[in-house]
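Take a look at the letters that make up each chain.
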Amino acid sequence: MSLPSLLLVGCGKMGGALWQGWLKQGLAPSIILDRRCDAPPAPHRVVRTAGEIPGDFKPDIIILAVKPTGMEEALASLRPFLDGAIVISMLAARTVESLRAACGEATSRIVRAMPNTPAAIGKGVTGVCSSDLDDAQRALCTSLLSAVGDVAWVDNEEQLEALTPISGCGPAYVFLLAELLEKEALRVGLPPETARLIARGTVSGAGALLAASDEESETLRKNVTSPNGVTAKALEVLMAPDAWPATMSEAIDNAMKRAREMAS
Ligand SMILES: NC(=O)C1=CN([C@@H]2O[C@H](COP(=O)(O)OP(=O)(O)OC[C@H]3O[C@@H](n4cnc5c(N)ncnc54)[C@H](OP(=O)(O)O)[C@@H]3O)[C@@H](O)[C@H]2O)C=CC1
Ligand SMILES: O=C(O)[C@@H]1CCC=N1
């Protein structure tokens, strides 16, 4: 795929994951702006401040992946490059209205997206919404984001905020499961290397099976659960109404509450 001219602003955990994913597809941002990102091999170009971006550089797309609190500073420094660009914000809890205000008078088109870190290996999921794009611009954003995984366009910002604690934060819950399984493997007496191998292998294997299967996740779960067998006893605990089902709802609600606080 030939890339539009692309400016990646913020190459930390999320911007870095996107960048890794694009590189694996043979794509590369034209310029990366990040205070601390290590310089990659040529032809990729990293600058530390917006002042180092050549004045005649005209990005088609600016990917904003700084912390939400850094939005105003970053967009203020990018004013000379905003006119006519599509700004795809990856920031949690920063509304289109606040992004537009931070862009000032510039004629940028604003897109809100919520990626996740499996983008680094092309297995990300990105929720995205915008009411600023024509069909060709929307297709351009889709092709860029789909280079690092699945893309889910949603109708509005409310839906984007609703998917944030599911897919944006979700990898953390899965990694927590791997952590807890490893700790349990140690607790029941397995050697550390075995504990690590079986915990990681189980989570990644189950994820790969889910990805490869047309079955519902519920069916895949039931396939493991022999009637009156061993798994059933574990699930009796985990699936009790006040256990995982309630805890997951509470966790998602708590995350959404935090997103509302961050937005205000
Ligand atoms: N981490 C994740 O899994 C996800 C994150 N997001 C969103 O992505 C955004 C980034 O998160 P994350 O990658 O975790 O954060 P990081 O702090 O890891 O990355 C941000 C990077 O941008 C740099 N930076 C910030 N402002 C500027 C600037 N004005 N000029 C140059 N460099 C700058 C930071 O440098 P310095 O530290 O020196 O400021 C840092 O290296 C957040 O808004 C978050 O909501 C969305 C989905 C998932
Ligand atoms: O924790 C956060 O705020 C960001 C948003 C989604 C994932 N990480």
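Treat the numbers as computed from the prediction; the structure is a model and nothing was measured.

K.L.:
Would you mind going over helix H8 (residues 192-212) with me for this structure?
P.N.:
Side chains that are three or four residues apart share a direction in an α-helix, a result of its 3.6 residues per turn. The end-to-end C-alpha distance of H8, which contains 21 residues, comes to 30 Å, matching closely the 30 Å that a straight helix rising 1.5 Å per residue would cover. Close packing links the buried residues of H8 with helix H7 (170-187).

K.L.:
What's the story with unusual backbone geometry in this structure? I'm lost.
P.N.:
Excluding glycine, a negative phi dihedral is what most residues carry, and trans is how most peptide bonds are arranged. At Ala 93, a residue that is not glycine, the phi angle is positive and equals roughly 65°. Mapping Ala 93 onto the fold places it in the loop between strand E5 (86-89) and helix H4 (96-103). Even without being glycine, Asn 228 reaches a positive phi, approximately 60°. Tracing the backbone through its elements, the reader meets Asn 228 in the loop between helix H9 (217-224) and helix H10 (230-238).

K.L.:
Would you take a moment to explain the environment of Leu 197 for this structure?
P.N.:
Assignment of secondary structure puts Leu 197 in helix H8. With relative accessibility at 63%, the residue Leu 197 sits in the exposed group. Along the backbone, Leu 197 and Glu 182 are 15 residues apart, and their C-alpha atoms lie at a distance of 8.4 Å.

K.L.:
I would appreciate a short explanation of the site of ligand 1 in the present structure.
P.N.:
Close to ligand 1 lie 19 residues, the nearest being Lys 13, Met 14, Asp 34, Arg 35 and Val 66. Arg 36 has a polar side-chain atom sitting 3.0 Å from an oxygen atom of ligand 1. Measuring from an oxygen atom of ligand 1, one finds a backbone N or O atom of Val 66 at 2.6 Å. Along the lines of polarity and charge, the residues of the shell around ligand 1 split into ten nonpolar, three polar and six charged.

K.L.:
How do you make sense of the UniProt feature "domain: Pyrroline-5-carboxylate reductase dimerisation" (unreviewed entry) in the protein chain when you look at a structure like this?
P.N.:
According to UniProt, the "domain: Pyrroline-5-carboxylate reductase dimerisation" (unreviewed entry) feature falls on residues 157-262. Spanning residues 157-262, this segment combines 82% helix with 0% strand, and its end C-alpha atoms are found 15 Å apart.

K.L.:
How do you make sense of the side chain of Arg 94 when you look at a structure like this?
P.N.:
Tracing the chain through its elements places Arg 94 in the loop between E5 and H4. In this structure, Arg 94 is buried with no salt-bridge partner, the nearest side chain bearing the opposite charge being Glu 72 at 5.0 Å. Within polar-contact distance, the side chain of Arg 94 engages the backbone oxygen of Pro 68 at 3.2 Å. Within the local environment of Arg 94, its side chain forms a polar contact with the backbone oxygen of Met 262, the two atoms lying 2.9 Å apart. Those residues in contact with Arg 94 that lie beyond four places of it in its chain are Pro 68, Thr 69, Met 71, Leu 99, Arg 112, Glu 157, Met 262 and Ala 263.

K.L.:
Can you walk me through the sheet that holds strand E4 (residues 61-64) in this structure?
P.N.:
Pairing is mixed across the open sheet formed by eight strands, whose spatial order is E3-E2-E1-E4-E5-E6-E7-E8. In this open sheet, the two strands that pair with only one neighbour each are strand E3 (46-47) and strand E8 (149-153). The pairing of strand E1 (residues 6-9) with strand E2 (residues 31-33) spans three bridges and is parallel. Opposite Leu 8, over in E2, you have Ile 32 as the bridge partner. In the packing of helix H6 (residues 157-168) onto the sheet, the strands contacted are strand E6 (109-114) and strand E7 (124-129), and the crossing angle to E6 comes to about 35°.

K.L.:
Help me understand the packing of H7 against H8 in this model?
P.N.:
Helices that pack against each other are described as a pair by the angle of their axes relative to one another and the distance between those axes. In contact at an axis separation of 8 Å, H7 and H8 are set at 145° when each is read in the N-to-C sense. Two packed elements cross with a definite hand, and for H7 against H8 that hand is right-handed. Where H7 abuts H8, its residues Val 174, Leu 177, Ala 178, Leu 181, Glu 182, Ala 185 and Leu 186 lie against Pro 192, Ala 195, Arg 196, Ile 198, Ala 199 and Val 203. Across the contact of H7 with H8, the residue classes tally to eleven nonpolar, no polar and two charged.

K.L.:
Is there a simple way to explain the domain arrangement of the protein chain in this structure?
P.N.:
Size of an interface, as often reported, equals the accessible area lost when the parts are brought together. Each assigned domain of the protein chain is listed with its residue range as follows: domain 1 (6-163), domain 2 (169-223) and domain 3 (225-264). Relative placement of domain 1 and domain 2: their C-alpha centres are 32 Å apart.

K.L.:
Help me understand the pattern of salt bridges in this model?
P.N.:
Two side chains of opposite charge can pair, provided their charged atoms sit close to one another. Scanning the entire structure with this criterion turns up nine salt bridges. Of the charged contacts in the structure, one is a salt bridge between Arg 35 and Glu 73, with a shortest N-O distance of 3.3 Å. A residue pair is termed long-range when its members are at least 10 positions apart, and Arg 35 in the loop between E2 and E3 and Glu 73 in helix H2 (residues 71-77) qualify at 38 residues. Pair check on accessibility: Arg 35 and Glu 73 agree, each one exposed. Glu 184 is the salt-bridge partner of Arg 187, the closest N and O atoms lying 2.7 Å from each other. With Arg 187 and Glu 184 both in helix H7 and three residues apart, this pair spans about one turn of that helix.

About the criteria used
Residues numbered from 1 in each chain as written. Chains lettered and ligands numbered in written order. Predicted model: local features only at pLDDT ≥ 70, side-chain atom pairs only at ≥ 80, totals over all residues. Heavy atoms only, no water. Helix = DSSP H or I, 4+ residues; strand = E, 2+ residues; numbered from the N terminus. Expected span 1.5 Å × (residues − 1). Contact = heavy atoms within 4.5 Å. Buried < 20%, exposed > 50% of the residue type's maximum accessible area, 1.4 Å probe, protein only. Near = heavy atom within 4 Å. Polar contact = N/O pair within 3.5 Å; in protein donor to acceptor, adjacent residues only side chain to side chain. Nonpolar A, V, L, I, M, F, W, Y, C, P; charged D, E, K, R; others polar. UniProt positions renumbered as here; feature names shortened; annotations may be inferred. Lys, Arg positive; Asp, Glu negative; His and termini not counted. Salt bridge = Lys/Arg side-chain N within 4 Å of Asp/Glu carboxyl O. Pairing = 2+ DSSP bridges. Axes fitted to C-alpha atoms, helices over the stretch in contact; angles between N-to-C directions. Left-handed = near helix turned anticlockwise from the far one by under 90°. Domains from an automatic or database assignment.

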